[in-house]
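Working through the structure, step by step
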Amino acid sequence: MAPAGTAVYAADAGVVTSAYWDSGYGWCMAIRHDNGMVTFYAHCNRLYVNAGVRVSKGQLVPLAV
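Residues numbered from 1 in each chain as written. Predicted model: local features only at pLDDT ≥ 70, side-chain atom pairs only at ≥ 80, totals over all residues. Heavy atoms only, no water.

1. A look at the pattern of salt bridges
- In total, this model carries one salt bridge according to the counting rule given.
- The partner of D34 in a salt bridge is R54, with the nearest N and O atoms 2.6 Å apart. Of this pair, D34 sits in the loop between β2 (26-33) and β3 (38-44) while R54 sits in strand β5 (residues 54-55); the two residues are 20 residues apart in sequence, bridging distant segments of the chain.
- By relative accessible area, D34 is classed as exposed at 55%. (Salt bridge = Lys/Arg side-chain N within 4 Å of Asp/Glu carboxyl O. Helix = DSSP H or I, 4+ residues; strand = E, 2+ residues; numbered from the N terminus. Buried < 20%, exposed > 50% of the residue type's maximum accessible area, 1.4 Å probe, protein only.)

Okay, here's the thing in structure tokens:
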């Protein structure tokens, strides 16, 4: 777990497959990478990204944690 305010960078190139509110995890986001792996980010204060957005490896993901 990272401290509040930590920036999130895409682990690899891919597409945001979901960005949603969960009562247990807060704001969550998943990225399906071009290699088939998925990274999941949870406990975010806000999300500024929607499903379908393509991200590059190392790109700052527009969310606030």
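2. Remarks on the environment of V55
- When you line up the elements, V55 lands in strand β5.
- For V55, a relative accessible area of 1% translates into the label buried.
- The spacing of V55 and D12 is 43 residues in sequence and 8.0 Å in space, taken between C-alpha atoms.
- Other than its neighbours up to four places away in sequence, V55 contacts A10, D12, A13, G14, V16 and I31. (Contact = heavy atoms within 4.5 Å.)

3. Brief notes about the pairing of strand β1 (residues 14-22)
- Sheet topology places β1 next to β2; eight bridges connect them, and they run antiparallel. When the bridges of β2 are listed, W21 appears paired with W27.
- Between β1 and the antiparallel strand that follows it, β2, lie three residues.
- As paired strands, β1 and β5 are joined by two bridges and run antiparallel to one another. Bridged to V15 within β5 is R54. (Pairing = 2+ DSSP bridges.)

4. Digging into the pairing of β2
- With six of eight residues buried, β2 is to be regarded as a mostly interior element.
- With five bridges joining them, β2 and β3 adopt antiparallel strand pairing. The partner of W27 across the bridge, within β3, is C44.
- In textbook terms, the turn of a hairpin is the stretch between consecutive antiparallel strands, and for β2 and β3 this stretch comprises four residues, one of which, G36, has a positive phi near 95°.

5. Re the side chain of H33
- Tracing the chain through its elements places H33 in strand β2.
- Of the polar contacts made by the side chain of H33, one reaches the side chain of T39; its length is 2.9 Å. (Polar contact = N/O pair within 3.5 Å; in protein donor to acceptor, adjacent residues only side chain to side chain.)

Function-wise, these values are silent; they only describe arrangement.
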